[in-house]
Amino acid sequence: MTRPGGTWQNWARSARVRPARIERPRSPEGVQRAVHAAIAHKLPIKAVGAGHSFTGIAVAPGVLLELDDMQGLVSVDSPRARVTLLAGTRLHRIPGLLAPHGLAMQNLGDIDRQSISGAISTGTHGTGARFGGLATQVVAVTLITADGEFLEINEEENAELLPAVALGLGALGILVDVTLQCVPAFVMHSIDEPAPIEDVLATLDERVAASDHFEFYWFPHTDVALTKRQTRLPESAPRHPLPRVGRWIDETLLSNGVYRVVCAAGHVVPAITPPFSRLAVTLTGDRDYTDRSHTVLTQSRTVRFREMEYALPAENVVPAFRAVQKLIAQRGWKIEFPIEVRFAAADDRWLSTAHGRASGYLAVHRYWRADPTEYFEAVEQICLEHGGRPHWGKLHTLNAEQLRERYPRFDDFVTLRDRMDPERRFANRYLDRILGA
């Protein structure tokens, strides 16, 4: 988001910059012209999407490219169920673009405000042990290189680059369009219900295997997990969506409106946090419904927060989670946001947090006005001890040397970056920290 006066800041208000110049291209050719101009003026250049990364990955001190005007379908390959989208297309618009063609994205994260290019470039993922992150759905891209040239990457051209560029952190070029492998449109049956946290941890492997998509939330200071299990069904299956009023009460009034007030109050008076958390899990009733896939997979979240998330080998989720529980109890912290646990299949994207291993994700949050440093760094240490890899778009403290040990293809990516952007036209401080200057 760019504010009056030319200052850009992200959604979480954890990163901001006043760029030397702001460009708003309307076409891939417009992006190319902007890159040529940046080269001529010796300015670094970066594209930003919706600003939903918590890190400084999109910070652009030189030329900032806002891609808001580059949204929509470029083409549809119906026989192969593939669609090409302009890079700035917001995830929440994609279901409507795909619906006339009887298609859907295979999986989505729980927030759909990001742009498609930003989501894949930072490793956005959903949940489901048989499904990879969004970048695994990418079968082709077009980007503008550091020389200001178009580069096509697909099965016929430069195919060897796709595992790097599909999740490229914005370090290899500026994406102008993305081609996704879609699936026939489908609906999902979802059961949301509370369960004792000890029961969930004791049977986690079975719960994950039994559902197409499984996740749970745990509010610190309670003994209850809020579980979500979802089954994929054909598009022809009968839909039984949540009643409009009931959904508004659960998701708008309670989960966002009331919760925003309580978070603000808990920031001033932390003692109110534990009793509210216990009340929250009792107010969150059982829900059983069937609806279109994107409606079930995504949620509306308007309470501003900051987040850290680590991907762990799936078998390490329970011991890491128990260590975090113990940590919170020992430190006496009053944590107002739940801990979220999700799962994903192993994949081949070089810098994917699930590269080469089935993964479970442990995400911690704090209200945006609270200082998350002590909590996040302590949880981070636990995750590192359990083989964790940090989400690229969420807060963490690691640098290139530490990350190199955790990604088998890290040096290959850095070598490719050296070749594709030797003058670091697409660099910023965050990329220098995590990839090396």
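How each quantity is defined
Residues numbered from 1 in each chain as written. Predicted model: local features only at pLDDT ≥ 70, side-chain atom pairs only at ≥ 80, totals over all residues. Heavy atoms only, no water. Helix = DSSP H or I, 4+ residues; strand = E, 2+ residues; numbered from the N terminus. Contact = heavy atoms within 4.5 Å. Areas by Shrake-Rupley, 256 points an atom, 1.4 Å probe, with all protein chains shown as cover. Pairing = 2+ DSSP bridges. Axes fitted to C-alpha atoms, helices over the stretch in contact; angles between N-to-C directions. Expected span 1.5 Å × (residues − 1). Buried < 20%, exposed > 50% of the residue type's maximum accessible area, 1.4 Å probe, protein only. Arc of directions from axis to C-beta. Polar contact = N/O pair within 3.5 Å; in protein donor to acceptor, adjacent residues only side chain to side chain. Phe/Tyr/Trp six-rings, centres within 6.5 Å; stacked < 30°, edge-to-face > 60°.

**Observations regarding the overall build of the chain**
Across its full length, the chain carries 14 helices and 21 strands. Looking at the chain alone, contacts between residues at least 24 apart form 72% of all its contacts between residues at least 6 apart. Carbon and sulfur atoms make up 52% of the accessible area of the chain, which amounts to about 17,700 Å² in all.

**Remarks on the sheet that holds strand 5 (residues 45-48)**
Neighbouring strands of a sheet are bound in pairs by backbone hydrogen bonds; such pairs are parallel or else antiparallel. Sheet architecture is open: three strands sit in the order 4-6-5, paired in parallel fashion. Across the chains shown, the open sheet's two edge strands, defined by having one partner strand only, are strand 4 (21-23) and strand 5. Here the strands of the sheet are splayed against their neighbours by 25° on average, with no regard to which way each runs. In terms of strand pairing, strand 4 meets strand 6 (residues 63-66) through three bridges, oriented parallel. Across the sheet, the residue bridging to Arg21 is Val63, located in strand 6.

**A few points about the sheet that holds strand 12 (residues 174-181)**
Reading across the sheet, the five strands line up as 7-8-12-10-11 and stay open at both edges, with antiparallel pairing between neighbours. If you trace the sheet from one side to the other, it starts and ends with strand 7 (73-77) and strand 11 (150-153), each paired once. Across the sheet, the axes of successive neighbouring strands diverge by a mean angle of 15°, strand direction being ignored. When strand 10 (residues 138-144) meets strand 11, the two strands line up antiparallel, connected through four bridges. Following the sheet pairing, Thr142 is matched in strand 11 by Glu152.

**Quick word on helix 10 (residues 317-331)**
A rise of 1.5 Å per residue sets the reference length of helix 10, with its 15 residues, at 21 Å; its end C-alpha atoms lie 21 Å apart and thus fit the reference within 8%. Turning to helix 10, its buried residues are Val317, Ala320, Phe321, Val324, Gln325, Leu327 and Ile328. On an axial view of helix 10, the arc spanned by its buried residues comes to 160°, and they lie on one face. Residues of helix 10 that are exposed and angled more than 90 degrees away from the buried face: Lys326, Ala329 and Gln330. Of the residues flanking the end of helix 10, it is Gly332, one or two places downstream, whose phi is positive at about 70°.

**Topic: the side chain of His125**
Tracing the chain through its elements places His125 in the loop between helix 3 (116-122) and strand 10. His125 gets classed as buried once you look at its relative accessible area, which sits at 3%. Here Glu309 takes part through its side chain, which lies 3.0 Å from a polar atom of the side chain of His125. When sequence neighbours within four positions are dropped, the list of residues in contact with His125 reads Gly109, Gly133, Leu134, Glu309, Arg342, Tyr361 and His391.

**A short note on the packing of aromatic side chains**
For the structure shown, the criterion picks out nine aromatic pairs. Centroid distance Phe216 to Phe321: 5.5 Å. Interplanar angle 70°. Geometry classified as edge-to-face. You can see Phe216 sitting in strand 15 (residues 213-218) and its partner Phe321 sitting in helix 10, a full 105 residues away along the chain. The pair Phe216 / Phe321 is uniform in exposure class, with both members buried. For the pair Trp392 and Tyr407, a centre-to-centre distance of 5.3 Å together with 35° between the ring planes defines the contact as tilted. One end of the pair, Trp392, is in the loop between strand 21 (389-390) and helix 12 (400-404); the other, Tyr407, is in the loop between helix 12 and helix 13 (410-420), and 15 residues separate them in sequence. Taking the relative accessible area as the measure of exposure, Trp392 reaches 1% and is therefore buried. Tyr407 sits in the buried class, given a relative accessible area of 2%. Cluster of aromatic residues (ring-pair linked, three or more members): Trp11, Phe54, Phe305 and Phe337.

**What to know about the environment of Gly56**
In this fold, Gly56 is placed in the loop between strand 5 and strand 6. Residues Gly56 and Arg429, spaced 373 residues apart in sequence, show a C-alpha to C-alpha distance of 7.6 Å. Contact partners of Gly56, with chain neighbours within four places excluded, come to Ala15, Asn428 and Tyr430.

**Here we look at unusual backbone geometry**
Look at Ala81: it is not a glycine, yet its phi comes out positive at around 55°. Within the element layout of this structure, Ala81 appears in the loop between strand 7 and strand 8 (82-86).

**Focus: the pairing of strand 16 (residues 224-234)**
With 11 bridges connecting them, strand 14 (residues 186-196) and strand 16 associate as antiparallel partners. Of the residues in strand 16, the one forming a bridge with Pro194 is Leu226. For strand 15 and strand 16, the ladder comprises six bridges, and the chain directions are antiparallel. Residue Tyr217 lies in a different strand from strand 16, and its bridge partner there is Leu226.

**So, helix 13**
Along helix 13, the residues classified as buried are Phe410, Phe413, Val414, Leu416, Arg417 and Met420. The arc enclosing the buried residues of helix 13, seen along the axis, measures out at 160°, which places them on a common side. Facing away from the buried side of helix 13 by over 90 degrees, the exposed positions are Thr415 and Arg419. In this structure, the buried side of helix 13 is in contact with strand 10, strand 11, helix 4 (162-165), helix 12 and helix 14 (429-435).

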